[in-house]
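# Topology and contacts: notes
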Amino acid sequence: EDLVESGGGLVQPGGSLRLSCAASGRTYGRSAMGWFRQAPGKEREFVAASSWSGSTTSYADSVKGRFTISRDNAKNTVYLQMNSLKPEDTAVYYCVADRLASYTPRTDWDYWGQGTQVTVSA
């Protein structure tokens, strides 16, 4: 399965970006999907996740109230709307998918995208 992210770029503090992740491949079905990020010199961290139905979503405390995950299953696409961006949001953002429709904090995500760079700077 291929996960292709887009929408990254350079934005000023307080600005917004929307990341997209399109999934392809015959294995894509009812998959939970989400986003992780990795900043320079730091470990990769969880950002947000959504069950296949979208009825269950989760967010890291650091992005709650600012980021929103959504999905369009007809397009096999998941989105991450990022508002009120801060310099500390600067990172490479990775899309993830799992074979299962639901997820837990211990989910070992099966598929990873190549990542898209988000830079928040004045």
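Since the structure is predicted, the reported quantities are computational estimates derived from the model, not experimental observations. (Residues numbered from 1 in each chain as written. Predicted model: local features only at pLDDT ≥ 70, side-chain atom pairs only at ≥ 80, totals over all residues. Heavy atoms only, no water.)

### Regarding the state of the cysteines
As a reminder, the rule being used: Cysteine sulfur atoms are paired as a disulfide whenever they come within 2.5 Å of each other. Under the scheme used here, helices are H or I runs from DSSP no shorter than 4 residues and strands are E runs no shorter than 2 residues, and both carry numbers assigned from the N terminus. We call a residue buried when its accessible area falls under 20% of the maximum for its residue type, exposed when it is over 50%, and partly exposed in between, using a 1.4 Å probe and counting protein chains only.
Applying the stated rule across the entire model yields 1 disulfide. Between the sulfur atoms of C21 and its disulfide mate C95 the distance is 2.1 Å. In this structure the cystine formed by C21 and C95 twists about its S-S bond by roughly -80°; its chirality is therefore left-handed. In this pair, C21 is assigned in strand β3 (residues 17-24) and C95 in strand β9 (residues 91-97), connecting sequence segments 74 residues apart. The same class applies to C21 and to C95, which are both buried.

### What to know about the sheet that holds β3
Basically, it comes down to this: Two strands are counted as paired when DSSP detects at least two bridges linking them. Interaxial angle, 0 to 180 degrees, is taken between N-to-C directions of lines fitted to C-alpha atoms, where a helix line uses only the stretch in contact.
Across the sheet, 4 strands lie side by side as β1-β3-β8-β7; this open sheet has antiparallel pairing. Each having just a single partner strand, β1 (2-6) and β7 (67-72) make up the two edges of the open sheet. Recorded for the sheet is a direction-independent mean angle of 15° between the axes of neighbouring strands. As defined by bridge partners, β3 adjoins strand β8 (residues 77-82) across 6 bridges and the pair is classed as antiparallel. Considered in β8, the bridge of R18 is made with Q81.

### Observations regarding the pairing of β9
Across the 7 residues that make up β9, a large majority, 6, are buried. When β9 meets strand β11 (residues 116-120), the two strands line up antiparallel, connected through 3 bridges. Within β11, the residue paired with V92 across the bridge is Q117. The pairing of β9 with strand β10 (residues 111-112) spans 2 bridges and is antiparallel. Bridge pairing in β10 places V96 opposite W112.

### What about the nonpolar core?
Taken as a class, soluble globular proteins show a tendency for nonpolar side chains to be buried jointly. Rule in force here: By convention a nonpolar core is built from buried Ala, Val, Leu, Ile, Met, Phe, Trp, Tyr and Cys residues, the set being connected through side-chain atoms within 4.5 Å.
Core analysis: the largest hydrophobic core is formed by 27 residues, its most contacted members being W35, L80, M82 and Y93. When residues of this core are traced back to their parent elements, those giving at least two are β3, β4 (33-38), β5 (45-50), β7, β8, β9 and β11. Listed in part, the 6 residues of the second largest apolar core include A32, V96, Y103 and W109.

### Description of the packing of aromatic side chains
How we decide: The aromatic pairing rule takes the rings of Phe, Tyr and Trp, using the six-membered ring of Trp, and pairs them if the centres are within 6.5 Å, calling planes under 30 degrees apart stacked, those over 60 edge-to-face and the rest tilted. Both a distance and an angle decide whether a charge sits over a ring: NZ of Lys or CZ of Arg must be within 6 Å of the ring centre and within 35 degrees of the ring normal.
As enumerated under the stated definition, the model contains 4 aromatic pairs in all. With centroids separated by 5.0 Å and ring planes inclined at 55°, the aromatic side chains of F36 and W112 adopt a geometry described as tilted. Taken together, the residues F36 in strand β4 and W112 in strand β10 connect sequence positions 76 residues apart. Following the ring pairs from residue to residue traces out a cluster consisting of F36, F46, Y94 and W112. The ring of W52 is capped by R30, whose NZ or CZ atom sits 4.5 Å from the centre of that ring.

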